[in-house]
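Remarks on the overall topology
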Amino acid sequence: MKIKPGKFSDYAAIGFPAGMLTVFFVIPFGIMIAMSFFQRVQGAFYEPAFVFENYARFLSTFFAGILGFSVGLAALVAVVSVLLAFPFTYILTRMARQTQVVWLVFLLSVLSLSEVLIGFGWSTLLSRTAGITNLLVSLGIMDKPMSLSPSFGAVMTGMVYQTFPYTVLVLYPALSRLDPSLVEAARTLGSGPARSFLNVVVPALRNSIVSTLIMVFVFALGCYLLPQLLGKPSHWTLSVLITDQAIYQSNMPFAAAMAVFLVLVSLSLVAISLLYGKKENAG
Amino acid sequence: MVEMKKGISRRSVLAGIAGGSAVAMAGITGFPGILKAQEKSLKIGAYGGYFKDSFDKHIFPEFTKATGIAVESVAQPTGEAWLVQIEQAARAGKAPTDISMISQGMMQRGAAANLWAKLDAAKMPNVANVMPAYINKYADGSLCGVGAVTWYITLVSNTDVIKEAPTSWAELWKPERAEQLGLLALVSNSFLLDVTAKTHFGGQDILDTEEGISQVMDKLAEVKKNVQLWYRDEAQFEQALKSGEIPMGQYYHDVAGLAAADGHPVRSTFPKEGGINDSGSWAVSGKSEKIEMAHEFIDFMSQPEIQALLSRKVGTSPTVPRAKTDLTDAEFASVSSEIEPIIPRYDMYLQRADWLSQKWTELIVS
């Protein structure tokens, strides 16, 4: 049974989060939108104005390509992370309490590593001189050590490594609340463990999976250090170019315009997937 | 090469760090000398890391001894990022430091936005020592920056992997360098357009026009397949160079010399076309309220003895003529070269900033 809030004071509880959201999200975002219309002064900085040239510059096949790559990369990272993390978390929730705690603490500690550490760590692990290929050579699997970074694979590895603990922690509550009797019923009716996992557990948690995908996608879209540290220039995401413009070219208006574009694209993708999810649920 | 800059060993840098923390401790415990000095103090920015540590240990204490003005040093990031911070602070009416060390391209950008305080040469007699090329002026002729140090970007290589020292920037184009190079990732800090023009087009005049620049970029595009790493972060390349993972590239002569002095298999070579000579100027933030003391500092730093001290202790090249210093041939050779340097076309980087950055990004990303 739901109680409908009637009086104004019933809404007071959400006042604090709403205020924080306004101060730390709405206002900065508003400033960014305003700045994206400012006039760039070449060789210096910018002046307040209302011009569209920052957006006009962005509308090119070059930036469309970069945007497409960034969105694709973030989506792929989200899918791979969830594919790995979902079965992992399912198995984890079926383990003894003690084991779960150890794993969760371990994952939290990975989450506390900065992007810089992860980037440098993986670039060493994937290097020719000190990397894992040396291990493969000593085991006789490879002829000579080779460099695996920078490459697309290295970027994917680094980003999935970064998002994996996050994905597990987001999925964990839903999976641990899952009623075990659902699986038991499936098993009693003769379905094997793999089949009951795919036919019962996965569909039952479809909404959690979709929302996790979205969260990881948005998280990965903002990643700008790992593509730089582990990728070739063709793997640089839009976030890398935004940083270049803001920090190195002092072109705040153009950086803001690109950032607004990136936010709009990710918001609309999120909206589409939520809408799709709603329809599914309704039907 | 291993001989060079024997004045700075890893030990002395570590000692510098220890010295810095001792000062911090004294500050916390309320050491009376520090408190007194706070009445007369300057906030001075220097590139963070080894560079700032050397300044803290060898240079700033000399200034405090001579003038009684305490120095609070601030680790600043590379030119571009720091300029944005100064600019944002100036919009808020603040100055993150009183004095900063600013590279040439950034000096001009800052001047275009009137970020720098106007300086009075009459209050700084020693500034007359500084070579005219290292003096920065506003369009109206007023002084806004004085050369602090100059440095070189040279051709560096790993001696274990590349046995013979390269002699020319043309080495970057050789097919046997495939996937062996580390180059700076931005048009405005790599100065590779200047290098390409001087190496393959007989000089930098070709950079006068857009067609000329496009020709140079086409030539530079041939290097792409040789590049393993386009770096923004110096540490990223330095690590790879030392290990031999990326055995050749462009890098700062002073830091490469430090690595060599530490025993790493690294050499820095002045190519026959010249090393890239960039310099940093002392500039006073327009919002600083300590302009008088800032004049004292810049005057102090422009003395030939201090310029020589910088060469010995920090590894930079002097901004005053060598004849005015007491640097020996060996000391001078370790920080500079007789080969005529490549001086970047700062005017081009400023006037065509956006066009260049767009073209450059397309060049290396595609």
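Small disclaimer: the values here were computed from a predicted structure and weren't measured.

What counts and what doesn't
- Residues numbered from 1 in each chain as written.
- Chains lettered and ligands numbered in written order.
- Predicted model: local features only at pLDDT ≥ 70, side-chain atom pairs only at ≥ 80, totals over all residues.
- Buried ≥ 20, exposed ≤ 12 C-beta atoms within 10 Å, placed from the backbone.
- Helix = DSSP H or I, 4+ residues; strand = E, 2+ residues; numbered from the N terminus.
- Arc of directions from axis to C-beta.
- Contact = placed C-beta atoms within 7 Å.
- Core = buried A, V, L, I, M, F, W, Y, C linked by C-beta atoms within 7 Å.
- Domains from an automatic or database assignment.
- Nonpolar A, V, L, I, M, F, W, Y, C, P; charged D, E, K, R; others polar.
- Expected span 1.5 Å × (residues − 1).
- Bend = angle between axes of the 7 residues up to and from the residue.
- Pairing = 2+ DSSP bridges.
- Axes fitted to C-alpha atoms, helices over the stretch in contact; angles between N-to-C directions.
- Parallel < 35°, antiparallel > 145°, perpendicular 65-115°, else oblique.
- Left-handed = near helix turned anticlockwise from the far one by under 90°.
- pLDDT = per-residue confidence, 0-100.

**Let's talk about helix α5 (residues 115-125) of chain A**
Residues and elements named next belong to chain A. Considered for burial, the residues of α5 that qualify are I118, G119, W122 and S123. Relative to the axis of α5, the buried residues are bounded by an arc of 125° and lie together on one face. Looking at the buried residues of α5, the elements they touch are α7 (152-177) and α11 (225-230).

**Observations regarding the nonpolar core**
Counting 105 residues, the largest nonpolar core has A255 and M258 of chain A together with L193, W282 and I298 of chain B as its most contacted members. The element contributing the most residues to this core is strand β5 (residues 143-158) of chain B, with nine residues. Here this core spans two domains, since at least three of its residues come from each of domain 1 (10-150 + 278-335) and domain 2 (152-276 + 339-365) of chain B. Leaving out residues up to four positions away in the same chain, I298 of chain B has contacts with M124, V127, V146 and W282 of chain B. Counting 29 residues, the second-largest nonpolar core is a separate cluster that includes V82, I118, V216 and C223 of chain A.

**Some points on the domain arrangement of chain B**
Where interface size is quoted, it is often the accessible area lost as the parts come together. Residue and element names in this part refer to chain B. Taken domain by domain, chain B holds domain 1 (10-150 + 278-335) and domain 2 (152-276 + 339-365). Taking only C-alpha atoms, the centre of domain 1 and the centre of domain 2 are 27 Å apart. Across the boundary between the two partners, domain 1 contributes 11 residues, which contact 13 residues of domain 2. Examining the composition of the side of domain 1 that touches domain 2, we find that four residues originate from one element, helix α5 (residues 104-112), more than from any other. Residues that form the side of domain 1 that touches domain 2 fall into these classes: one nonpolar, seven polar and three charged.

**Some words on helix α3 (residues 50-67) of chain B**
Residues and elements named next belong to chain B. Along its 18 residues, α3 runs 25 Å from first to last C-alpha, staying within 8% of the 26 Å computed at 1.5 Å per residue. Taking the largest bend as the criterion, α3 deviates by roughly 45°, centred on D56. Taken together, the buried positions of α3 are occupied by F51, K52, D53, S54, F55, K57, I59, F60 and F63. Remark: G68 follows α3 within two positions and exhibits a positive phi of approximately 75°.

**Quick look at the interface of chain B and chain A**
With 26 residues of chain B at the contact, the number on the chain A side is 22 residues. For the side of chain B that touches chain A, the secondary-structure elements that each account for two or more residues are α4 (79-91), α5, β7 (227-231), α9 (234-243), α14 (346-351) and α15 (353-365) of chain B. It is α15 of chain B that provides the largest number of residues to the side of chain B that touches chain A, a total of seven residues. Within the side of chain B that touches chain A, the residues separate by chemical class into 12 nonpolar, seven polar and seven charged.

**Remarks on the pairing of strand β10 (residues 276-284) of chain B**
Residues and elements named next belong to chain B. In terms of burial, β10 is largely enclosed, as nine of its nine residues are buried. With burial as the criterion, each face of β10 is covered, one bearing I276, D278, G280, W282 and V284 and the other bearing N277, S279, S281 and A283. By the bridge criterion, five bridges tie strand β3 (residues 99-103) to β10 in an arrangement that is antiparallel. Each bridged residue has a counterpart across the sheet, and for S103 the counterpart in β10 is G280.

**Focus: the environment of S112 of chain A**
Note on placement: S112 of chain A falls in the loop between α4 (97-111) and α5. S112 of chain A sits 139 residues away from N251 of chain A along the chain, and the two C-alpha atoms are 32 Å apart.

**What to know about the environment of W151 of chain B**
All names here are of chain B. Relative to the assigned elements, W151 resides in strand β5. Residues W151 and G280, spaced 129 residues apart in sequence, show a C-alpha to C-alpha distance of 8.2 Å. Apart from the residues lying within four places of it in its own chain, the contact partners of W151 are Y252, H253, D254, D278, T316 and S317.

**What to know about the packing of α4 of chain A against α7 of chain A**
Residues and elements named next belong to chain A. Taken N-terminus to C-terminus, the directions of α4 and α7 make an angle of 135°; their axes are 8 Å apart at the nearest point. By the angle class used here, α4 and α7 are oblique. The handedness of the crossing between α4 and α7 is left-handed. Counting all contacts with α4, which are made through L107, V110 and L111, the residues of α7 involved are P165, Y166, V168 and L169.

**A short note on the packing of α3 of chain B against helix α12 (residues 304-313) of chain B**
Residue and element names in this part refer to chain B. Here α3 crosses α12 at 140°, and the two axes come no closer than 10 Å. With respect to their mutual orientation, α3 and α12 come out oblique. Between α3 and α12 lies a crossing whose hand is right-handed. Note on element contacts: α12 touches α3 through L309, L310 and K313, opposite S54, H58 and I59. Partitioned by chemical class, the residues of the contact of α3 with α12 number three nonpolar, two polar and one charged.

**Brief notes about the environment of D140 of chain B**
The residue D140 of chain B is located in the loop between β4 (135-137) and β5 in this model. Residues D140 of chain B and E273 of chain B, spaced 133 residues apart in sequence, show a C-alpha to C-alpha distance of 35 Å.

**Here's the deal with the pairing of strand β9 (residues 266-269) of chain B**
Residue and element names in this part refer to chain B. Alternating residues of β9 divide into V266 and S268 and R267 and T269, and every residue in both groups is buried. Judged from the four bridges that link them, β5 and β9 form a sheet pairing that is antiparallel. Each bridged residue has a counterpart across the sheet, and for N158 the counterpart in β9 is V266.

**A look at unusual backbone geometry**
In this structure, P150 of chain A follows S149 of chain A across a cis peptide bond, with omega equal to 5°. Considering the arrangement of structural elements, one finds P150 of chain A in the loop between α6 (132-138) and α7.

**Quick word on the confidence of the model for chain B**
Residues and elements named next belong to chain B. This prediction gives chain B a mean pLDDT of 87; 89% of its residues lie at or above 70. Averaged pLDDT values over the elements of chain B bottom out at 40 in helix α1 (residues 10-28) and peak at 97 in helix α7 (residues 192-200). Below pLDDT 50 for its whole length, residues 1-37 participates in 41 contacts with residues either more than four positions away or in separate chains. Overall fold confidence (pTM) sits at 0.81, and the ipTM for the predicted complex is 0.81.

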